[in-house]
Amino acid sequence: MTDYKINFRELKSKIGIDDVAYDLGYKLDKKAGVGRYIELVLSDGRTKCDTIIISNPNNKAAQTFFRRDGSKGDVVTLIRENLNSFNVSGRDEWHRVAKVLAKFANAPEPKYHEDREYVRSAKVDAVFDSARYEVKPIDLHKLPPLFAQRGLSAETVQALSPFISLIRDKKNEKFEGFNIGFPYTQGEDETVKGYEIRGYGGYKSKAVGSNSNSAAWVADLSGGNSEAVKRVFFCESAFDAMAFYQMNRLQLSSDVALVSLGGTFSDGQIIGVMTRFPQAKAYDCFDNDLAGRIYGLRMLALLEEIPMKINKTNEGILVEAKGKRFVLNQDRSLAAQLSEHLNIRYRAGQWLPLKAFKDWNDCLLNKPMERVITPHKEEREQNLAERRNAGLKV
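Thresholds, definitions, all that
Residues numbered from 1 in each chain as written. Predicted model: local features only at pLDDT ≥ 70, side-chain atom pairs only at ≥ 80, totals over all residues. Heavy atoms only, no water. Salt bridge = Lys/Arg side-chain N within 4 Å of Asp/Glu carboxyl O. Helix = DSSP H or I, 4+ residues; strand = E, 2+ residues; numbered from the N terminus. Buried < 20%, exposed > 50% of the residue type's maximum accessible area, 1.4 Å probe, protein only. Core = buried A, V, L, I, M, F, W, Y, C linked by side-chain atoms within 4.5 Å. Pairing = 2+ DSSP bridges.

Caption draft 1: Representation of the pattern of salt bridges in the model. Under the definition given, this model contains 21 salt bridges. Here Asp 169 and Arg 132 are joined by a salt bridge, their closest N and O atoms 2.9 Å apart. Placement of the pair is Asp 169 in strand E7 (residues 165–169) and Arg 132 in the loop between helix H5 (113–121) and strand E6 (133–137), with a sequence separation of 37 residues. The class of Asp 169 is buried, set by a relative accessible area of 18%. Among the residues examined, Arg 132 registers a relative accessible area of 14% and is labelled buried. Residues Glu 176 and Arg 168 are paired through a salt bridge, measuring 3.3 Å at the closest nitrogen-oxygen approach. Under the relative-accessibility criterion, Arg 168 is labelled buried at 14%. Beyond isolated ion pairs, a larger network of salt bridges with shared partners links Asp 287, Asp 289, Lys 358 and Asp 359.

What follows is the structure, encoded as structure tokens:
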């Protein structure tokens, strides 16, 4: 790689991860929102083959990406993953990567400008501005039908209504109605730091400038007595948290809190919530997919104060910690498996959806997972190459 070091540095500053992804056939997922991050999805027309989340969409030099399974990287990483799709030859892998970078650096403006202009036109505010949104409480006599569509009962909505709002973006000229907003708070500060937003047609987003680094949706059922909270249940979305509450309500009392991370995972979110509830134990209620298991493992490592390197493998989840390397099975309790290799204080537990279901909301709706056959790497690369050589228009 040393022969190309200078070129790599210079070329990477000119080429965005989105440049490469769009060229490979990825499309912008507008429903996921546009802000400090964007989501690009690769699909075969029927199912999603891959999703990457890109940071700094309007600053090529600063872009990085990650997937919800824990993998991440820069523009070179994405090129290396798909190197056979670019039809370039060279002395070795790095020579081929350098050729791809040079090709993108000297290419004319691509034809996927529509998605680009959409991203550019979305104003990214660094700080949440509450004045931008009209907010009103849930009307318990006229609940949005979306709750019932998600299998959520009127009793569940009523019980959690102090932590739910109706929200309208005053700057959105295309939609004048209200969506469901789940307010983000940080620690014991009740000031709203943003919103997780859900609407009709599968619409999901976050309020512009929402603090997803250290704030989260928190439903404290103790009535504000944070010292009394004994269990905190972490979910990936507010609808999942509501579904978890509805399905397990008879086993829950007022000494619990429900938390949604809003589809992301930040150490600051976990630490902030658990600092607010110093007597509580955290519970991993994340999804039943690989990304959910990695979220749970990251939370456990954080609360156990164990520096941990986590990678996915064909055998399972590879963990490196305290000089040891071992593989975890995502179908078994993570804490129990870790205790076989490390000293665990059990500051985190698991309360997962039934194995047949991806998440708690699907469990409530009795919507089991479909078995997805993932193509081999060679098949994926061949499909990408065929799509690209066919002149796919995005």
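Structure shown, so let's carry the discussion forward.
Caption draft 2: Quick peek at the nonpolar core. Formed by 37 residues in total, the largest nonpolar core has its most connected members in Val 232, Phe 234, Met 274, Leu 297, Met 299, Met 308 and Leu 338. The leading source of residues in this core is helix H10 (residues 290–303), at seven residues. One finds Val 157, Ile 180, Trp 217 and Cys 363 within the second-largest nonpolar core, a separate group that totals 34 residues.

Caption draft 3: Structural detail: the pairing of strand E2 (residues 37–43). The element E2 is extensively covered by neighbouring structure, given that five of its seven residues are classed as buried. In this structure, strand E1 (residues 27–28) lies alongside E2, joined through two bridges in antiparallel fashion. Directly across from Lys 27, in E2, lies its bridge partner Val 41. Two elements, E2 and strand E3 (residues 48–55), share seven bridges in a ladder whose sense is antiparallel.

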